[in-house]
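Close look at the chain arrangement
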Amino acid sequence: MPKNNLLAIPLSLLLLITACSGGSGGDKDVINPPPADPIPDTVAVSAVIPEFISQQADIAQVESAVLRHVHRNTVFGNIHPKGDYIDSNNAKVEQLNLLGFYSEIEKNTDNSYQIPPQDNGLAYFRVTNTKANGKVRVHNFYGVPPGHYMTFDSTNADNEAKDNYQTFCRNVSVRITDLVKSASEQARLLINGRIISDAVFSGNKAYTETLSLCPVDDGGHYLALVVYENAQNDISYGFNYYRQLQDNDLLEITLEHQAEMIPWSADLPIDNEYRLGGMNNKWRVQVPLYISPEGGNSHQSGTSPKFSELGLDSYHFTSDVTDSSVGMAKYQREFAGDTLQNEFIINQLVFDDINLNSLDLTWNNSGTHQPDIISGTIFDQGLTQTYAFMSMDPDLLAQGRLTFPLDDVPHLITSSLVGLVGASAAQEANFNFVGDAAFHAGHLYWPQTHASDLNGTDLIITANGSEFIQLLLGQLTTP
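Here is what the cut-offs are and how they apply
The numbering scheme is per chain: residues are counted from 1 as the chain's sequence reads. Since the coordinates come from a predicted model, pLDDT governs what is reported: local features require at least 70, and pairs of side-chain atoms require 80 or more to be given and counted, while whole-chain, interface and lining totals use all residues. Side-chain metrics rest on all non-hydrogen atoms present in the structure, leaving aside hydrogens and water. Comment: elements are numbered from the N terminus, with helices defined as DSSP H or I runs of at least four residues and strands as E runs of at least two. The classification of residues rests on relative accessible area computed with a 1.4 Å probe and restricted to protein chains. Under 20% of the type maximum is buried, over 50% is exposed, and intermediate values are partly exposed. Within this scheme the basic residues Lys and Arg register as positive and the acidic residues Asp and Glu register as negative, but His and the chain ends are omitted. Salt bridges are defined as contacts in which a side-chain nitrogen from Lys or Arg sits within 4 Å of a carboxyl oxygen from Asp or Glu. For this analysis, a polar contact is any N or O atom pair within 3.5 Å, provided that within protein one partner can donate a hydrogen and the other can accept it, and provided that sequence-adjacent residues contribute only side-chain to side-chain pairs. Residue contacts are defined here by distance: any two heavy atoms, one from each residue, within 4.5 Å place the two residues in contact. Confidence scores per residue from the predictor, reported as pLDDT, run from 0 to 100.

Comments concerning the side chain of Arg137
Turning to its location among the elements, Arg137 is positioned in strand S6 (residues 136-144). An unpaired buried charge is present at Arg137: no salt bridge exists, and Asp153, the closest side chain of opposite charge, is 6.6 Å distant. Within polar-contact distance, the side chain of Arg137 engages the backbone oxygen of Phe152 at 3.1 Å. Beyond its immediate chain neighbours, meaning those up to four positions away, Arg137 contacts Arg72, Val127, Thr128, Asn129, Phe152, Ser154, Gln385, Thr386 and Tyr387.

Digging into the environment of Ala336
Tracing the backbone shows Ala336 in strand S22 (residues 329-336). A residue is classified by how much of its surface remains accessible, and Ala336, at 19% relative accessible area, is buried. Along the backbone, Ala336 and Ser314 are 22 residues apart, and their C-alpha atoms lie at a distance of 4.3 Å.

Regarding the confidence of the model for the protein chain
Across the protein chain, pLDDT averages 79, with 75% of residues at or above 70. Ranking the helices and strands of the protein chain by mean pLDDT puts strand S15 (residues 250-254) first, with 97, and helix H1 (residues 3-21) last, with 32. Taken as a whole, residues 450-458 scores under 50 in pLDDT and shows 37 contacts with residues more than four places along the chain or in a different chain. Note that pLDDT drops below 50 for residues 475-479; the model gives that stretch 11 contacts with residues more than four away or on any other chain.

So, the pattern of salt bridges
Inspection of every chain in the model, using the stated rule, returns 11 salt bridges. The residue Arg126 makes a salt bridge to Glu94 at a minimum N-O spacing of 2.7 Å. Residue Arg126 is found in strand S5 (residues 123-130), and its partner Glu94 is found in strand S2 (residues 92-96); the two are separated by 32 residues along the sequence. Where Arg188 meets Glu229, a salt bridge forms, and the shortest distance between an N and an O atom there is 2.8 Å. With a gap of 41 residues between them, Arg188 in strand S9 (residues 188-191) and Glu229 in strand S13 (residues 221-231) connect regions that are remote in the sequence. Several salt bridges converge on common partners, so that one network encompasses Lys92, Glu94, Arg126, Asp407 and Asp408.

Right, here's the structure in full:
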């Protein structure tokens, strides 16, 4: 090492000591620079006032069951029976006649099928979809009310609209202001229904880099909703809309609103947390809003936050009960955005003694209420779905038995796993629950009345095998 550098080392130390000592006196307190603020002060992206384009048209009243068979990958988001989906020609649709035989019906010019009801007001028909590899899946609608139905061809079709939509999802960071951080261990921070556990707090601010946002509508609007739960029934929130976001953008949300709390109660104890979603009829997707703390104990009452400043058309409340005897009991409620109080009356449906062979499927309902609809999915030993059904036929519901058409028996010889979904109305003349049961059996149904006019769904999911539960959970977001 050169001599000049050797001399520089003690000289630099001397200068450092002299500077820290305050010069000549050496008796002043050491002054350390203030720690850097861990929250970046980068200029945030500007929010926008949304101008939504309506996504939801009125659903036409029909006197028959009107069916479309479409490629599944072309259906996503806030769907409508007249949506711009790609229809599939890979299906045979047949109606059940009064003699007990099925006869094929022709497709209409608008790619739909029309099945008139029988004397009891219900339509009976089936849809047979054959894949390119020869695999066959049957949807048997054994007694369903007039309305719009949709079944799926699981083979993919080119779907430029969906592919383009998904490319607009962005990974952003969020800075939160006007936050009064509580010392309570129960305080929680959520963004779009997701619990943020890695947020950095500093003063009245918080910061996270873990948020992924996708557009809520075809106009490219993004919604970021921040919820801070200081304590039970003390929830503040803030939100902004954005357009043309890019990855790594910084958003700033101010907690400027206080959530209203809507009480709810149930006839049955609910032992798991609940989730709350929200929908604007002009959006394409439902947005997660909130997830409750884990209860630990069974409870039959509680409160649910309402975010009035969002101006939502409806809220979707969902929870479940863990019961090893039935596999899973899942309860859902949908209520209007202007609801001030919601009384959840959960009907008790318990399916047991489930037996499947290639000729029929039988079950027993030992609950205190009877289902108004039952639907189900049947899998073969390779966990491939071979059959699905849906029925509101009162005789079938009373007997607890679905007898398969004889020419469907070859599709069921290797079947070994079945899942049942039962539902009943929370209000008379409320058919929204039928749509929920249909969805879990792999198809869609739109009732004759507008969804925003409905309030309530009782839905129970049960199975005779744990493998079905895992399959079902994986399908909940893909009909």
